[in-house]
Amino acid sequence: KEIIPELFAYDVLYDVYCKTVELGLNPLVIHSDDVSKNPELALRTICKKFGIEFDSNMLSWEKGGGIYNKFPPFYKEVLDSSGFLPYQKKEVILDEKYNPILEECQKYYDPLVEKVMTQDQMREFLED
């Protein structure tokens, strides 16, 4: 399957963020690394933001299936999991031929990553 920028949906995420700001709302942006590093903190933050009661069952799920079946093959790890895996920093070496795709995604990713709520900010938010 061909790799195209639309597979990553950064443009959609950015559009949702901008529309949410236009509506005068304060969108929550959490980096996926922070979800991996501390899933409970991230989920508690999301729950508080949306007025949902946190449940520890949110930290695990049944292996395989579900909504991820329709996503591209790079979600295989999600399908094969039953909970959050420990964070592992991955070094990615990208072939030059993907630079145009990277540049296209980066123009949406960079402004979003500037808005990320840090783990310290999440802790402060939960204490309020």
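See the structure shown above.
A quick note: this is a predicted structure, and the numbers were derived from the prediction, not measured.

A. Quick look at the overall build of the chain. Summing up its helical and strand segments, the chain has 6 helices and 0 strands in all. From first element to last, N terminus to C terminus, the chain shows the α and β order α-α-α-α-α-α. Classification of the 128 residues of the chain by burial places 18% in the buried group. For the chain, long-range pairs separated by at least 24 residues make up 57% of all intrachain contacts whose partners lie at least 6 apart in sequence. Accessible surface computed for the chain: about 9900 Å², of which carbon and sulfur atoms make up 53%.

B. Molecular detail of the pattern of salt bridges. For the structure shown, the criterion picks out 4 salt bridges. With a shortest N-O distance of 3.3 Å, Glu104 and Lys107 are connected by a salt bridge. Placement of the pair is Glu104 and Lys107 together in helix H5 (residues 99–113), with a separation of 3 residues, close to one helical turn.

C. Main features of the layout of surface pockets. There is about 160 Å³ of room inside the second largest pocket. Forming the boundary of the second largest pocket are Tyr17, Asn26, Pro27, Leu28, Val29, Lys49, Lys115, Val116, Met117, Gln121 and Phe125.

D. Main features of a nonpolar patch on the surface. A contiguous nonpolar patch, built from Ile46, Phe50 and Ile52 and spanning about 290 Å² of accessible area, is present on the exposed surface. In this structure, Ile52 sits in the loop between helix H3 (39–50) and helix H4 (76–79).

E. Representation of the environment of Glu104 within the structure. On the basis of relative accessible area, Glu104 is assigned to the partly exposed category, the value being 31%. A distance of 3.3 Å separates polar atoms of two side chains, one belonging to Glu104 and the other to Lys107.

F. Here's a closer look at the packing of aromatic side chains. All told, the structure shown has 3 aromatic pairs when counted by the stated rule. Judged by centre distance (5.8 Å) and plane angle (55 degrees), the ring pair of Tyr14 and Tyr108 falls under tilted. Remark: Tyr108 occurs in helix H5 and Tyr14 occurs in helix H1 (residues 10–22); sequence separation between them is 94 residues. For the ring pair Trp61 and Phe84, a centre distance of 5.2 Å and an interplane angle of 80 degrees mean the geometry is edge-to-face. Pair noted here: Trp61 is in the loop between H3 and H4 and Phe84 is in the loop between H4 and H5, with a separation of 23 residues, a long-range link. Overall, the relative accessible area of 31% leaves Phe84 in the partly exposed class. Taking NZ or CZ as reference, Lys37 lies 4.8 Å from the ring centre of Tyr87, over its face.

Reading guide: rules and limits
Along every chain, residues carry numbers that run from 1 in the direction the sequence is written. In keeping with the model being predicted, local features are shown solely for residues with a pLDDT of at least 70 and side-chain atom pairs are shown and tallied solely at 80 or more, while totals for entire chains, interfaces and linings include all residues. Side-chain measures here rest on the full set of heavy atoms in the structure, leaving out hydrogens and waters. Note on conventions: DSSP H or I runs of at least 4 residues are helices, E runs of at least 2 residues are strands, and numbering of each starts at the N terminus. Per-residue accessibility, obtained with a 1.4 Å probe over protein chains only, is compared with the maximum for each type, and a residue is labelled buried under 20%, exposed over 50%, and partly exposed between these values. Note on contacts: a residue pair is in contact if any heavy atoms of the two residues lie within 4.5 Å. Each accessible area is a Shrake-Rupley result for a 1.4 Å probe, and residues are judged covered by the shown protein chains and nothing else. The term salt bridge refers to a side-chain nitrogen of Lys or Arg lying within 4 Å of a carboxyl oxygen of Asp or Glu. Lining residues are those with an atom within 4 Å of a point, where the points come from a 1 Å grid over the protein atoms alone and group into cavities, where a 1.4 Å probe fits but cannot get out, or pockets, open sets with protein on both sides within 12 Å along at least five of seven lines. Grid points are joined across faces, edges and corners, and a volume is the space filled by probe spheres set on the points. Patch criteria: residues need more than 30% relative accessible area and no salt bridge. Like-charged residues are merged within 9 Å; nonpolar side chains of Val, Leu, Ile, Met, Phe, Trp and Tyr are merged within 5 Å. Any pair of N or O atoms that falls within 3.5 Å is considered a polar contact. Within protein, one atom must be able to donate a hydrogen and the other to accept it, and sequence-neighbouring residues count only if both atoms are side-chain atoms. A pair of aromatic rings is counted whenever rings of Phe, Tyr or Trp (Trp by its six-membered ring) have centres within 6.5 Å, and the orientation is called stacked for planes under 30 degrees apart, edge-to-face for over 60 and tilted otherwise. In our convention, an over-ring charge means Lys NZ or Arg CZ found within 6 Å of a ring centre and within 35 degrees of that ring's normal.

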